[in-house]
Amino acid sequence: MYYINLNPEIQIEDKVVYFYQGDTCRFILQNKLQYQNPKIKIQKEEIKLALGENGDWQLDYEFKTTGSIQYIIILDEKQTEPRYFVVQPLVAKILKQMTIQTILPHSLGKFQDFKNQIQSQVDLGYDAFHFPPIQKLGESPSLYSINDQLQLNPDVFGNNTLDDLKQLLNQFPKQYFFIDILLNHTAYDSEWINQIPDATYNLKNSPHLNVAVSLDSLLAEFTIKLARGEYPNYSKKRVETEEDLNKLIWIIEHEVIRPKKYHEYFQFKVQDHVDTILKRVPRIVKQTYDLDMDENIFIESALEKLKKLVKITLKGADRYGVHVNIDQIIQFLEQNENYKRVSLQQIEELFTFINSSNINEAERYIQDAVGAIKGTIRYRKLECKEYDIVENAKGNSLLGRYFTKLPNGNFAANNGWIAGYTGFDSFAETDDHHYFRRSIVVWDDLIKIRYGNKKENPEVWNYIKKYVQLNAKVFHGFRLDNAHSTPLLVGEYMMKKARKVNPNILIFSELFTGSRVNDTIFTRQLGINSLLREVNHCDDSGKFNGELYFYSGDGENSIGSLPNKVQQFESLDKQWIEVRPSVPPSLIYEQSHDNRSLIQSHGYKHVLPIAALVTFSNAMGGTCRGYDTYVPYRLSVTGERRIYSLNKQTIDSYYEDYRSITLRYDGLPKLDVIVYGSWDGWKSGSKLIETLVPGIYIHNMTLQKGYYEYKFQINLEWVELHNKELQNNNHFFEIKGEDVKIHKTLEKPRQILNQLKIELAQQYPQIHPQFYHKSIQSITRQTLDHSKSKILIAVPEFSIPDQFISIQLPGKIQSVDYIFYNTEGFNWVENNDEISKGTVNILQHTNIREFADIYYDFEKRCHILKFTQVPVSISIIITCTQDEYFQQSLLHLNNLIVKDNQQSFSRLQSKEVNQILFSSEPEEQALIGHGLYYLENYRQLIYAGLAGPLSAIRDAARNNNLGHPLCENLRKGNWLLDYLQQRIQNISNNDAKDIINEHFNLLKQIPRFLIPAYFSIVVEKLVNNILKGLKISNKSNFKRELQLSGYQFLAHLPNELHTMSAGLPHFTTGWSRCWGRDTFISFRGIYLLNNLFNEAKEAILTFGSCLRHGLIPNLLDSCNNPRYNCRDACWWYIKAVKDYLDATQDYQLLNQEVQLVFLDDDIDKHYQKKSQNIIVTKSIQDIVQNIVQSHATGIRFREWRAGNSIDQNMSSEGFNIHLQLDEETGFIVGGNWRNCLTWMDKMGSSEEAGNKGIPATSRDGAPIEMTALLKVCLDSLYKLNSQGKYKYEGVQLKNRKLTFKDWSNFLASNFDKFYWVPKDREQNNEYHISEDHIKHRQIYRDLCKSSKPRAEYQLRCNASIAIGLAPELFNQDKATRHLATTELLLIKPNSLGLKTLEPHASEYLEFYDNSDRSSTFKLAHGFSYHNGPEWVWVYGFFLKALISVHGQRLTKQMFHAYLANHRQTIHQNEWYSLPEMTNSNGDYNVYSCRAQAWSIATILEAVHDFENQQ
């Protein structure tokens, strides 16, 4: 099962997404608010996407048809541009095991001879055959000059039909047959193009070609004159030298072309057009100085508009025949009296400028043409050595004709190709004037087919469609000739029609666009199954290796490939594999039928190794008949009519009892190296000769088959080489006798190679190509279980190879399967009747010791070949097995990976989950004593635990980047493995520790090149098992990620209370780690929704013990120096107690006693009592009651140790804390303008900017979220008291008792009066508001009873918190209106949080910069912290508010659309978390914590609450 994310904005340009017929893929589209009812149109079928459990749109789609599958994403009636998948027929799965041979139809003989000819090649193991065109030819003998596309060539097929051919091909049921399809051109004498006038590019439908026709005719006439010797300045009738060429080109340019004044074809008569304008617009201003020049300079002038309006067409159509859109110009002048704003003089100047530009354009084209003419003549005359200029009717002895004059009198454009042409339309239709510029490599026997619009030219489309479909019914596949020059829409249409009659047809194509991106466009839209690739142009091993690597999948199937990314959507037990776009599959031709032979380009010794290398590639192989038989030149598709020889070559063989062997010793230069051995009973030693490479010594000898032992003596001392295996304390080898074969052609070796290619594709799918020096290549193929490999070492004829190369093998030698190499001698005799076979001497045996000594690397457990001779052409094929130790380790590791270990992780404590997966830099320093792991050439990992490398794994796996620094690190050593393993040895859960150790120990015991892939699998598996063990297995992947992220903040650090980190990496250790407000806002999401009830309880007890002044501290500092400049932490604390009791029903908590850290609110009394060892304890309910009663009575104190020792920025007044019950409203009011006691607690610190000691957001008075939080707490206490769980009924005021119920009701009765801003001014008297400060109506105020009334009316995010906390306080309609305004002004499309202040406010800044040292008051030292930047935790309460207000009307789609950015962030973020805050529109803020507890917690709460509501 596959999945793919549909991103409307992104498409990978140079890769293709492939599926196989029958595959099912889940399409996922991010659910955003702007996408209400998205659809996907697949092949014109509109399908609605459904909302998945994860909250995104999805569709599970089965691909039933093959070919190019177009899809369009429809978003609220807006459509994306078409995109494409390619669906391969199932037969495409075996393409990589095929080798296809191109066969010339004439050379097969008559039709009745085809069977024997084909069978002769089937016997050699060929799986597929490619026919060049087999249709009827015209006068031209070229197979590609088809006269009639609907008839077979009678010279080959006689009266036989396509049905007869199909019956013949069916006699080869295991073979596949392909045919060239020509969509671009037809023979110049095709009758059908005369019957369809618009089937060609002629001067009637393409008048712009007139200038090119004129030039072409002129050059032909000139050529005829030269051939006749009639041209006085050049009478040689030959071009033999560069001097001749230069002289001729000068004549062509200056005496032939330039006198014709071709520039005039790009001109129009300026005065005639000016006169026309004057005649039709007589009121136009004549002179520029008469114009009214008072036009607004900031808007586009009339003249500027006119310049954009002017369009010219028909360049090249006639002398002074360029067309100007004069009617539109006149219409423009008459509109709005523009004739008063543009003068006739300006128009004349504009026309003159255009003409001048056209002259320059024409000049460039003429220069291009002269350059192209010179290049063509140089190639045709000098390089091809055809020096004579001969007379013929076409006049094409010097240059190919670009046009043909048809019998109907029309000049028709000939076809050709343009190197690197990147257009998708016909190059004959473009304004680039390729025919005039002579930039086409022209085929002057072929007419370019003009398709035009299908509706306007149906005869051509239907004719070619019939041709295509007739062949599709007979053949298994097409080779699209010259596809890059075929109009894209034509190719797309014809391939669809081919698949209509043959759904399993395979499409191969040659593309020479010069651009991978453009190749990909053709591949996608035509549904190409393989691109034809040629390696015959490679001149060195490096280039060859690079192309082979790319054509084999660009690393897609590399040995040790990283696994594709997987996702678990509805279940952790079901994995969906991410589709990884790939380069188009390749068909690699050793030698194609339309290029020079390798013997011509490189030499006969190049043939064998190239065939072997293509065999070992991970792509379909291709060759042409004649390659295996050493035909020394390309067999021409134009003139070749001889028959392929069926003579079978005999194989000479002889039995070798005595074999050549070589010994090699590597050491210091100038040593005395002697070898003694059992071959002569250890009697006499043989001296090794030092080679030209200092320090390399060799000795060659011939021995009879048998077992031998030997030892080296170096400078008279016996030496045992550490990298050679020992038997009886001696080195050893064995020689076997064997038949040595001598092949005269490549035919029998080819049979072996073809069988081997099937084996490689089926059993050895992974690949690793390498090159050494300038000529030596190796390709390793390996099984998926990595137990077995085959390696090819081949030496093409690029250059002289390094004779003493050392090559490490991928394991231990199991067998030397084949050694092929050419000895000297190549012979080929021309035969006029048949295509005769060349002869060579290819030796075949398995005696590797003739060429190399065999060493063994005991650390890597593999053999090494140390060569002593490397003949050009040698091709060695060896089967290797992994060392038994490696095999056993891999077996154990594979078995362990598939084993479900979730039970081992089911009893993990939260601190252990944190240690195994997470732990930030400061936490790791405190916990382990060292920091995070640093990956060289990458960066420091984010976490010390498994989540650290996990982000790097996923980064590398995205494109199977085995060169990623993580992979490099893992291959080189065990440093990262040791680091990860050692840091968990102190966890108490032995089961989990043992499982992790077992995995990592086995990772260290497998071959190093496999460690990155297995490490990736192991880490993903362990994380998955931890999720299962923790029972985090919800249907929503997003919720799973949120829950797991909660553990990021739960490290247990030595010498610190076991508390929650507020955020990573800034709030992790020491005094800054834990904050009361953060802890209890995060309490439900981090603790309770993860069932971490013990940790939750511990937090309640810990903070309860720090009660002082009737408050819970914000800064905890492990109870050392806590601060109480926080008015809301205590109420969040009470809410946390409520949430804990609701979740656990553990009411005993209320009676649990804790020992108070502080014995009195007065600092002196506290220390006095402490010195007396007085102990004070309180129950949790007493602590809660103390908080409530203290507020009712009134809290007034000055912070302990007020001054610079606790806060260097706060003014003296700011240390004074005053909170009290406002008996007019029931609200708690307090604070002052010099302190900031709510969560918006940024204190100014810049003396230069003047904000030091000034709170950025003091919010004194009664903040709206505080009042809502008070309501929640009062209602909870009332309920607990009513149930008999809480002993207090209310609070004691000065003169009366106030029950929790009465307090709550009183508060509620005043809430709207003091917070709501009504719609109309007339309603003001019903509310306590000040008209002077109102900026928005129908919103809730941020504050009331503040010392700064203006601040009360600013739109902030806090009312959303209040609605989410206590929806019962709010009128539904009013809350709905407020939330709508909030969404409009405080949320943007990419936001993760809510803006903390409306953008219209003077204090607003959209970003936060804590490093700013400017003198700007609202900016300096990060003063804007809560005055604009977007905070994520508040977004959670905004969602909770939506849930509360809208209920069931808030659909699943809408709810999850609000979370689109959060899903994307947590899934792609290397921190696997959500940040503290961002700049505007979700932009990254460098000063923000990347992982924040309350951000995760409140979003998780919202998701949980929504699910429960549903």
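The coordinates are above.
For every chain, the first residue of its written sequence is number 1, and the numbers climb from 1 along that sequence. Only residues with pLDDT of at least 70 get local features here, since the model is predicted, and only at 80 or more are side-chain atom pairs given and counted; chain-wide, interface and lining totals rely on the full set of residues. For side-chain calculations, the full set of non-hydrogen atoms in the structure is used, while hydrogens and water are omitted.

A. Up close: the pattern of salt bridges. Whenever Lys or Arg places a side-chain nitrogen within 4 Å of a carboxyl oxygen from Asp or Glu, that contact is recorded as a salt bridge. Using the criterion set out here, one finds 80 salt bridges in the structure. A salt bridge links Lys-496 to Glu-492; the nearest nitrogen and oxygen atoms lie 4.0 Å apart. You can see Lys-496 and its partner Glu-492 sitting in helix 13 (residues 488–501), 4 residues apart, about one turn around the helix. What you see here is one network of salt bridges that share partners, running through Asp-180, Arg-479, Asp-481, Glu-510 and Asp-594. Think of it this way: any DSSP run of H or I at least four residues long counts as a helix, any run of E at least two long counts as a strand, and we number them from the N terminus.

B. Fine view of the packing of helix 19 (residues 884–898) against helix 25 (residues 990–1003). Where helix 19 meets helix 25, the axes come as close as 9 Å, and the angle between the chain directions of the two elements is 145°. Helix-helix and strand crossings are classified by hand; for helix 19 and helix 25 the assignment is left-handed. Contact residues: helix 19 offers Ser-889, His-892, Leu-893, Leu-896 and Ile-897, while helix 25 offers Glu-998, His-999, Leu-1002 and Leu-1003. Residue polarity follows a fixed list, in which Ala, Val, Leu, Ile, Met, Phe, Trp, Tyr, Cys and Pro are nonpolar, Asp, Glu, Lys and Arg are charged, and the others, Gly among them, are polar. Residues of the contact of helix 19 with helix 25, tallied by class, amount to 5 nonpolar, 3 polar and 1 charged. Axis definition: a line fitted to C-alpha atoms, over the contacting stretch in the case of helices. Angles run 0 to 180 degrees between N-to-C directions. Crossing handedness follows the turn of the near helix against the far one: under a right angle anticlockwise gives a left-handed crossing, and clockwise gives a right-handed one. Any two residues whose heavy atoms approach within 4.5 Å at even a single point are treated as in contact.

C. Expanded view of empty space enclosed by the protein. A cavity here means a set of 1 Å grid points, computed over protein atoms only, where a 1.4 Å probe fits but cannot escape. A pocket is an open set with protein on both sides within 12 Å along at least 5 of 7 lines, and lining residues have an atom within 4 Å of a point. Grid points are joined across faces, edges and corners, and a volume is the space filled by probe spheres set on the points. Counted according to the given criterion, the structure contains 10 cavities of 30 Å³ or more. Estimated volume of the largest cavity: approximately 140 Å³. Residue lining of the largest cavity: 19 residues in total, with Gln-591, Cys-624, Arg-625, Tyr-633 and Leu-635 positioned closest to the centre. Its residues assigned to classes, the lining of the largest cavity shows 11 nonpolar, 6 polar and 2 charged.

D. Highlighting the nonpolar core. Side-chain atoms within 4.5 Å are what join buried Ala, Val, Leu, Ile, Met, Phe, Trp, Tyr and Cys residues into a set we call a nonpolar core. Only protein chains enter the area calculation, which uses a 1.4 Å probe; residues under 20% of their type maximum are buried, those over 50% are exposed, and those in between are partly exposed. Among the nonpolar cores identified, the biggest contains 192 residues, and Phe-1015 and Tyr-1133 are the most heavily contacted of them. Among the elements that make up this core, the one with the highest residue count is helix 38 (residues 1432–1446) (11 residues). If we ignore the near neighbours within four places in the chain, the residues touching Tyr-1133 are Phe-1080, Ile-1100, Phe-1103, Gly-1104, Ile-1112, Ile-1180, Ile-1183, Val-1184 and Ile-1187.

E. How the structure looks around the state of the cysteines. The disulfide criterion used throughout: a pair of cysteine sulfur atoms within 2.5 Å. Counted by the stated rule, this structure contains 1 disulfide. Lacking any disulfide linkage, Cys-1344 is separated from the closest cysteine sulfur, that of Cys-1357, by 17 Å.

F. Quick peek at unusual backbone geometry. Residue Leu-1064 is joined to Pro-1065 through a cis peptide bond whose omega torsion reads 5°. Inspection of the secondary structure assignment puts Pro-1065 in the loop between strand 52 (1063–1064) and helix 28 (1076–1087). Located in the positive-phi region is Lys-237, a residue other than glycine, with phi close to 65°. Within the fold, Lys-237 resides in the loop between helix 5 (210–228) and helix 6 (242–257).

G. Spotlight on the packing of helix 7 (residues 270–280) against helix 9 (residues 326–334). At a closest axis distance of 11 Å, the pairing of helix 7 and helix 9 adopts a crossing angle of 40°. In terms of axis orientation, helix 7 runs oblique to helix 9. In the crossing of helix 7 with helix 9, the sense of the turn from one axis to the other is right-handed. For the pair formed by helix 7 and helix 9, the contact residues are His-273, Thr-276, Ile-277 and Arg-280 on the first element and Ile-326, Asp-327, Ile-329, Ile-330, Leu-333 and Glu-334 on the second. Partitioning the contact of helix 7 with helix 9 into residue classes produces 5 nonpolar, 2 polar and 3 charged. Throughout, the term roughly parallel applies to angles under 35 degrees, roughly antiparallel to angles over 145, roughly perpendicular to angles from 65 to 115, and oblique to all others.

H. Here's a closer look at the layout of surface pockets. The computed volume of the largest pocket comes to approximately 2200 Å³. Contributing to the lining of the largest pocket are 50 residues, with Tyr-379, Val-441, Val-442, Trp-443 and Arg-634 lying nearest its centre. For the lining of the largest pocket, the secondary structure elements donating two or more residues are helix 10 (344–383) and strand 21 (441–448). Examining the composition of the lining of the largest pocket, we find that 8 residues originate from one element, helix 10, more than from any other.

I. Spotlight on the pairing of strand 44 (residues 812–827). A pair of strands is labelled paired if DSSP reports no fewer than 2 bridges between them. Relative to strand 49 (residues 875–881), strand 44 runs antiparallel, the two being bridged by 7 bridges. In the strand pairing of strand 49, Lys-812 is matched with Thr-881.

J. Region of the structure containing the sheet that holds strand 7 (residues 57–62). Reading across the sheet, the 6 strands line up as 6-7-3-1-26-25 and stay open at both edges, with mixed pairing between neighbours. Because the sheet does not close on itself, it has two edges, and the strands there are strand 6 (50–51) and strand 25 (566–567). The sheet contact formed by strand 6 and strand 7 spans 2 bridges and is antiparallel. Its bridge partner being in strand 7, Leu-51 is matched across the sheet by Trp-57.

K. Quick peek at the environment of His-1218. Assignment of secondary structure puts His-1218 in strand 56 (residues 1216–1221). What makes His-1218 partly exposed here is its relative accessible area of 26%. Residues His-1218 and Val-535, 683 residues apart in the sequence, show an inter-C-alpha distance of 84 Å. Other than its neighbours up to four places away in sequence, His-1218 contacts Ile-1195, Arg-1196, Val-1229, Gly-1230 and Gly-1231.

L. Looking closely at the sheet that holds strand 62 (residues 1394–1395). Spatial strand order, 62-63-64: 3 strands in an open sheet with antiparallel pairing. One side of each edge strand has no neighbouring strand; the edge strands of this open sheet are strand 62 and strand 64 (1477–1478). Examined bridge by bridge, strand 63 (residues 1430–1431) and strand 64 share 2 bridges and lie antiparallel to one another. Bridge pairing links Trp-1431 to Met-1477 in strand 64.

M. Representation of the side chain of Thr-1382 within the structure. Its location among the elements puts Thr-1382 in helix 37 (residues 1372–1386). Residues within four places of Thr-1382 in sequence aside, it is in contact with Leu-1355, Ser-1360, Ile-1387, Leu-1394 and Phe-1438.

N. Broad picture of the packing of aromatic side chains. Aromatic rings from Phe, Tyr and Trp, with only the six-membered ring used for Trp, were paired whenever their centres fell within 6.5 Å, and each pair was classed as stacked if the ring planes differed by under 30 degrees, edge-to-face if by over 60, and tilted otherwise. Enumeration according to the criterion identifies 90 aromatic pairs in this entry. Taking 4.9 Å as the distance between ring centres and 75° as the angle between the ring planes, the aromatic pair formed by Phe-1311 and Phe-1370 counts as edge-to-face. Of this pair, Phe-1311 sits in helix 34 (residues 1300–1315) while Phe-1370 sits in the loop between helix 36 (1358–1365) and helix 37, and the two are 59 residues apart along the sequence. Of the residues examined, Phe-1311 reaches a relative accessible area of 0% and is grouped as buried. Lying across the ring of Tyr-320, Lys-269 places its NZ or CZ 5.8 Å from the centre. Consider the ring centre and the ring normal. A charge sits over the ring if Lys NZ or Arg CZ is within 6 Å of that centre and within 35 degrees of that normal. In this arrangement the basic side chain of Lys-448 is found over the ring face of Phe-427, its NZ or CZ atom lying 4.1 Å from the centre.

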